[in-house]
Amino acid sequence: ASVFAGILQAPEDPILGVTVAYNKDPSPVKVNLGVGAYRTEEGKPLVLNVVRKAEQLLVNDPVRVKEYLPITGLADFNKLSAKLIFGADSPAIRENRVATVQCLSGTGSLRVGGEFLARHYHERTIYIPQPTWGNHPKIFTLAGLAVKYYRYYDPATRGLNFNGLLEDLSSAPTGAIVLLHACAHNPTGVDPTLEQWEQIRLLMRSKELLPFFDSAYQGFASGSLDADAQSVRIFVADGGECLAAQSYAKNMGLYGERVGALSIVCKSSDVAARVESQLKLVIRPMYSNPPIHGASIVATILKNSEMYNEWTAELKMMADRIISMRKQLFGALHERGTPGDWSHIIKQIGMFTFTGLNREQVAFMTKEFHIYMTSDGRISMAGLSSKTVPHLSDAIHAAVT
Ligand code: PMP
């Protein structure tokens, strides 16, 4: 008998499992609104033109080799990534007090940041929003932190539970870490307004809570890289400390290349240098050093102004298509006279709509209409197209009537 004979079958990942089920369905009308990956109007994955160009340049570069990167990754990539999220004129960058390391996309950046905090920070509790991306509690628990939740979403308004959020952060222990979605909150699509961010900042600074930003959708929410980084930048502008995990999965379409960065903004360049030295000790035994290809693509695009502009145009095109899907879905439900207030579809921000459909309604839509989505009622707007909106609207209409 196998020495592994006693091993139990593990459950599918709640998000990636949706695609597994979708792939098994032979129906020609099936629609996958589960995983958060951009699709064109034709339902196809997209490689940005500017990414293809950068890859051509890299392939044709005669001096390019495939040596190991340093433990901290590609230096240019790190500098440019910090500039992208904190802003070109950020005093923290100017004063050389940001430690940035290249990591394995957003997930890897969160994990490295989590492990660093578990080893070196005085308060081991991290507060994450209720609800949040399903991987957050697992990443931080395995990193060695204690995970607690703060109230975030109000099902009654399908908006932000701002008072609940302030109350929960007020009663968190001094120094606790707080995970904040920089923009386009996943799964709810609900973001604080800039005024609310300012109140969150004041409260967090007064309680010495440590902000850890998860930025997986910069530029993807509004179409503007600067607008989507406002939340992070107001925290950096006050001179205080914070962490930021960046992902290029969505905004450059580099999902499988696993490109991201972790930045830790410190009070002085001296502290930042020591922080970086400890980040290396976290990374070295975990995966030694990060992969070179994706980071080279990003650095190539970010340092060339023409390519940078081409990128922002393509990014805006993706964001606009998603915003247009929101309008079309809202319009189609309105046309059908579907009962209920569906205005949250156009109010919510980013890749996902948190529909408010319950587990039973989701199961019904999958069974009867072959529409695949996570059981919490989250749909990926990027997986929709003008062609599939009517089918989805019919399904929602049938589910709620
Ligand atoms: N954070 C959030 C909120 C996300 O939605 C995602 C992607 N689903 C990630 C982080 C990380 O994704 P990746 O590791 O692919 O960059």
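Conventions and cut-offs
- Residues numbered from 1 in each chain as written.
- Predicted model: local features only at pLDDT ≥ 70, side-chain atom pairs only at ≥ 80, totals over all residues.
- UniProt positions renumbered as here; feature names shortened; annotations may be inferred.
- Helix = DSSP H or I, 4+ residues; strand = E, 2+ residues; numbered from the N terminus.
- Buried ≥ 20, exposed ≤ 12 C-beta atoms within 10 Å, placed from the backbone.
- Contact = placed C-beta atoms within 7 Å.
- Expected span 1.5 Å × (residues − 1).
- pLDDT = per-residue confidence, 0-100.
- Near = placed C-beta within 6 Å.
- Nonpolar A, V, L, I, M, F, W, Y, C, P; charged D, E, K, R; others polar.

As recorded in an unreviewed UniProt entry, the chain goes by the name Aspartate aminotransferase, listed as coming from Dendrobium catenatum. What the UniProt record of the chain gives under Catalytic activity (unreviewed entry) is the line "L-aspartate + 2-oxoglutarate = oxaloacetate + L-glutamate". Under the UniProt heading Subunit (unreviewed entry), the entry covering the chain gives this text: "Homodimer."

Chemist: Lay out the UniProt feature "domain: Aminotransferase class I/classII large" (unreviewed entry) in the chain with the relevant residues and their values.
Modeler: Annotation from UniProt places "domain: Aminotransferase class I/classII large" (unreviewed entry) at residues 30–396. Structurally, residues 30–396 is divided into 46% helix and 16% strand, and its ends, taken at the C-alpha atoms, are 14 Å apart.

Chemist: Account for the environment of Ala216, naming residues and giving values.
Modeler: Summarising the element assignment, Ala216 is placed in the loop between strand E8 (210–215) and helix H9 (230–237). Residue class for Ala216 comes out buried when judged on the 27 C-beta atoms lying within 10 Å of it. Between the C-alpha atom of Ala216 and that of Ala182, which follows or precedes it by 34 residues, the distance is 7.8 Å. In this structure Ala216 touches Gly106, Ser247, Ala249 and Lys250, once residues within four positions along its chain are discounted.

Chemist: Which residues make up helix H2 (residues 49–60), and what values go with them?
Modeler: Helix length check: H2 (twelve residues) gives 17 Å between terminal C-alpha atoms against 16 Å at 1.5 Å per residue, within 8%. Looking at the buried side of H2, the elements it contacts are helix H11 (293–303) and helix H12 (305–336).

Chemist: Which residues make up the confidence of the model for the chain, and what values go with them?
Modeler: When pLDDT is averaged across the chain, the result is 96; 100% of the residues are at 70 or more. The ipTM, which scores confidence in the relative placement of chains, is 0.98 for this predicted complex, and the corresponding pTM is 0.96.

Chemist: Outline the site of the ligand, supporting the account with residue identities and numerical values.
Modeler: Around the ligand lies a shell of 13 residues, among which Ser105, Gly106, Thr107, Ala216 and Ser247 are the nearest. Among the elements that line the shell around the ligand, the one with the most residues is helix H5 (residues 105–120), at three residues. A per-class count over the shell around the ligand returns four nonpolar, eight polar and one charged.

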